[in-house]
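Each chain, written out:
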Amino acid sequence: MIVAGIGCRKGATAAEIDAAIDAALQEAGLTPETLTSLATSDGKGSEQGLLDVAAARGLQITLVKPAALQAAGPRTKSFSPRVNEMFGVPSVAEGAALAAAGPDAALLAPRIVLGPVTCALASTAREP
(Lines give C-alpha, C1' and ligand atoms only; values in the text may rest on other atoms or scores of the structure.)
Protein backbone atom coordinates (compact mmCIF):
# COMPACT_ATOMS: atom_id res chain seq x y z
CA MET A 1 0.00 0.00 0.00
CA ILE A 2 1.31 3.43 -0.94
CA VAL A 3 -0.56 6.45 0.37
CA ALA A 4 -0.09 10.02 -0.81
CA GLY A 5 -0.64 12.39 2.08
CA ILE A 6 -1.78 15.80 0.92
CA GLY A 7 -1.60 19.14 2.64
CA CYS A 8 -2.90 22.12 0.70
CA ARG A 9 -4.05 25.66 1.03
CA LYS A 10 -7.73 26.31 0.62
CA GLY A 11 -8.71 26.42 -3.04
CA ALA A 12 -5.72 24.46 -4.37
CA THR A 13 -6.62 23.27 -7.84
CA ALA A 14 -6.69 19.70 -9.09
CA ALA A 15 -3.81 20.55 -11.44
CA GLU A 16 -1.69 21.81 -8.52
CA ILE A 17 -2.47 18.74 -6.42
CA ASP A 18 -1.81 16.39 -9.35
CA ALA A 19 1.54 18.07 -10.00
CA ALA A 20 2.61 17.62 -6.37
CA ILE A 21 1.59 13.95 -6.36
CA ASP A 22 3.44 13.33 -9.62
CA ALA A 23 6.55 15.10 -8.30
CA ALA A 24 6.53 13.01 -5.11
CA LEU A 25 6.08 9.79 -7.09
CA GLN A 26 8.90 10.75 -9.45
CA GLU A 27 11.18 11.63 -6.52
CA ALA A 28 10.50 8.19 -5.01
CA GLY A 29 11.02 6.43 -8.34
CA LEU A 30 7.42 5.21 -8.45
CA THR A 31 4.79 5.20 -11.17
CA PRO A 32 1.28 6.62 -10.72
CA GLU A 33 -0.14 3.08 -10.83
CA THR A 34 1.59 2.20 -7.55
CA LEU A 35 -0.46 4.75 -5.60
CA THR A 36 -3.30 3.08 -3.69
CA SER A 37 -4.99 5.98 -1.89
CA LEU A 38 -4.90 9.61 -0.83
CA ALA A 39 -5.06 10.99 2.70
CA THR A 40 -5.48 14.42 4.24
CA SER A 41 -6.73 16.06 7.40
CA ASP A 42 -10.44 15.74 8.02
CA GLY A 43 -10.80 19.50 7.59
CA LYS A 44 -9.87 19.21 3.90
CA GLY A 45 -12.58 16.72 2.96
CA SER A 46 -14.56 19.25 0.94
CA GLU A 47 -11.66 20.66 -1.10
CA GLN A 48 -12.86 20.37 -4.69
CA GLY A 49 -9.37 20.05 -6.15
CA LEU A 50 -8.64 17.07 -3.94
CA LEU A 51 -12.00 15.45 -4.70
CA ASP A 52 -11.37 15.92 -8.43
CA VAL A 53 -7.90 14.35 -8.24
CA ALA A 54 -9.21 11.34 -6.31
CA ALA A 55 -12.00 10.83 -8.85
CA ALA A 56 -9.67 11.19 -11.84
CA ARG A 57 -7.16 8.73 -10.39
CA GLY A 58 -9.82 6.32 -9.11
CA LEU A 59 -8.56 6.59 -5.53
CA GLN A 60 -10.26 6.78 -2.16
CA ILE A 61 -9.51 9.66 0.21
CA THR A 62 -8.90 8.89 3.86
CA LEU A 63 -9.81 11.83 6.08
CA VAL A 64 -7.50 11.72 9.08
CA LYS A 65 -8.73 13.03 12.42
CA PRO A 66 -6.52 15.45 14.43
CA ALA A 67 -5.69 12.81 17.08
CA ALA A 68 -4.37 10.43 14.41
CA LEU A 69 -2.31 13.23 12.82
CA GLN A 70 -0.80 14.01 16.22
CA ALA A 71 -0.10 10.34 16.91
CA ALA A 72 1.80 10.09 13.61
CA GLY A 73 3.76 13.29 14.36
CA PRO A 74 6.81 11.61 15.92
CA ARG A 75 7.31 9.55 12.74
CA THR A 76 7.37 12.58 10.40
CA LYS A 77 10.59 13.88 8.84
CA SER A 78 9.64 17.51 8.18
CA PHE A 79 8.58 20.38 10.38
CA SER A 80 6.52 23.34 9.27
CA PRO A 81 6.22 26.09 11.89
CA ARG A 82 3.08 27.39 10.13
CA VAL A 83 1.39 23.97 10.11
CA ASN A 84 2.47 23.30 13.69
CA GLU A 85 0.92 26.58 14.81
CA MET A 86 -2.31 25.98 12.88
CA PHE A 87 -2.82 22.26 13.47
CA GLY A 88 -0.44 21.23 16.26
CA VAL A 89 1.40 18.76 14.02
CA PRO A 90 4.77 18.99 12.25
CA SER A 91 3.43 18.09 8.78
CA VAL A 92 -0.13 17.44 7.63
CA ALA A 93 1.00 15.64 4.46
CA GLU A 94 3.43 13.32 6.22
CA GLY A 95 1.15 12.73 9.21
CA ALA A 96 -1.85 11.96 7.01
CA ALA A 97 0.13 9.53 4.84
CA LEU A 98 1.53 7.72 7.87
CA ALA A 99 -1.78 7.59 9.72
CA ALA A 100 -3.66 6.26 6.70
CA ALA A 101 -1.01 3.67 5.85
CA GLY A 102 -1.02 2.25 9.38
CA PRO A 103 1.09 2.05 12.53
CA ASP A 104 3.97 0.23 10.83
CA ALA A 105 4.10 2.57 7.83
CA ALA A 106 7.18 4.54 6.91
CA LEU A 107 7.71 7.60 4.78
CA LEU A 108 9.37 6.95 1.45
CA ALA A 109 10.88 10.46 1.54
CA PRO A 110 10.24 13.78 3.26
CA ARG A 111 7.29 15.77 1.92
CA ILE A 112 7.68 17.83 -1.20
CA VAL A 113 6.28 21.32 -1.50
CA LEU A 114 4.99 22.51 -4.84
CA GLY A 115 3.16 25.82 -4.78
CA PRO A 116 0.19 25.60 -2.38
CA VAL A 117 0.42 21.80 -2.03
CA THR A 118 2.56 19.43 -0.01
CA CYS A 119 2.69 15.72 -0.72
CA ALA A 120 4.32 12.88 1.18
CA LEU A 121 4.31 9.19 0.35
CA ALA A 122 4.09 6.47 2.98
CA SER A 123 4.22 2.73 2.52
CA THR A 124 3.09 -0.07 4.76
CA ALA A 125 5.84 -2.22 6.16
CA ARG A 126 6.52 -5.22 4.01
CA GLU A 127 6.33 -8.71 5.43
CA PRO A 128 9.76 -10.35 5.98
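Residues numbered from 1 in each chain as written. Predicted model: local features only at pLDDT ≥ 70, side-chain atom pairs only at ≥ 80, totals over all residues. Heavy atoms only, no water.

Trainee: It is not clear to me how the nonpolar core should be interpreted in this structure. Could you clarify?
Mentor: Ranked by internal contacts, the top residues of the largest apolar core, which has 20 residues, are Ile6, Ile17, Ile21, Leu35, Leu38 and Cys119. Counting residues per element, the ones that place at least two in this core are strand S1 (2-8), helix H1 (14-28), helix H2 (48-57) and strand S6 (117-123). No other element matches the five residues that H1 contributes to this core. Apart from residues no more than four positions distant in its own chain, isoleucine 17 is found in contact with Ile6, Ala12, Gly49, Leu50, Val53 and Val117. (Core = buried A, V, L, I, M, F, W, Y, C linked by side-chain atoms within 4.5 Å. Buried < 20%, exposed > 50% of the residue type's maximum accessible area, 1.4 Å probe, protein only. Helix = DSSP H or I, 4+ residues; strand = E, 2+ residues; numbered from the N terminus. Contact = heavy atoms within 4.5 Å.)

Trainee: How should I be thinking about the pattern of salt bridges in this particular structure?
Mentor: It is possible for side chains bearing opposite charge to pair when their charged atoms get close. Following the criterion strictly, the structure yields three salt bridges and no others. Between lysine 65 and aspartate 42 there is a salt bridge, and its shortest N-O distance comes to 4.0 Å. Of the two residues, lysine 65 sits in the loop between strand S3 (60-64) and helix H3 (66-72) while aspartate 42 sits in the loop between strand S2 (37-41) and H2, which places them 23 residues apart along the sequence. Lysine 65 gets classed as exposed once you look at its relative accessible area, which sits at 55%. Among the ionic contacts, a cluster of salt bridges with common partners joins Asp18, Asp22 and Arg57. (Salt bridge = Lys/Arg side-chain N within 4 Å of Asp/Glu carboxyl O.)

Trainee: Teacher, can you tell me more about the packing of H1 against H2 here?
Mentor: Axes are the key here: two packed helices are described by the angle between their axes and the distance separating the axes. For the pair H1 and H2, interaxial distance at closest approach is 8 Å and the crossing angle is 60 degrees. Accordingly, the angle class assigned to the pair H1 and H2 is oblique. Two packed elements cross with a definite hand, and for H1 against H2 that hand is right-handed. Here H1 contributes Ala14, Ile17, Asp18, Ile21, Asp22 and Leu25 to the contact with H2, which in turn contributes Gly49, Leu50, Asp52, Val53 and Arg57. For the contact of H1 with H2, the residue count by class is six nonpolar, one polar and four charged. (Axes fitted to C-alpha atoms, helices over the stretch in contact; angles between N-to-C directions. Parallel < 35°, antiparallel > 145°, perpendicular 65-115°, else oblique. Left-handed = near helix turned anticlockwise from the far one by under 90°. Nonpolar A, V, L, I, M, F, W, Y, C, P; charged D, E, K, R; others polar.)

Trainee: Would you mind going over the state of the cysteines with me for this structure?
Mentor: Put plainly, two cysteines are in a disulfide when a covalent bond ties their sulfur atoms together. Considering all chains together, one arrives at zero disulfides under this definition. Cysteine cysteine 8 shares no disulfide, and the gap to the nearest cysteine sulfur, in cysteine 119, comes to 11 Å. The buried category is assigned to cysteine 8, whose relative accessible area is 9%. (Disulfide = S-S within 2.5 Å.)

Trainee: Where do I start with the pairing of S2 in this structure?
Mentor: If a strand is regular, its side chains alternate between the two faces of the sheet. Most of S2 is tucked away, with five of its five residues classed as buried. For S1 and S2, the ladder comprises three bridges, and the chain directions are parallel. When the bridges of S2 are listed, valine 3 appears paired with serine 37. Handedness of the crossover joining S1 and S2 through H1: right-handed. (Pairing = 2+ DSSP bridges. Right-handed = clockwise from strand over helix to strand, strands pointing away.)

Trainee: Quick question: what am I supposed to make of the pairing of S1 here?
Mentor: With seven of seven residues buried, S1 lies mostly within the body of the structure. Neither face of S1 is left uncovered, since the one carrying Ile2, Ala4, Ile6 and Cys8 and the one carrying Val3, Gly5 and Gly7 both have all their residues buried. In this sheet, S6 lies alongside S1 in antiparallel orientation, the contact comprising seven bridges. Paired with isoleucine 2 across the strands is serine 123, a residue of S6.

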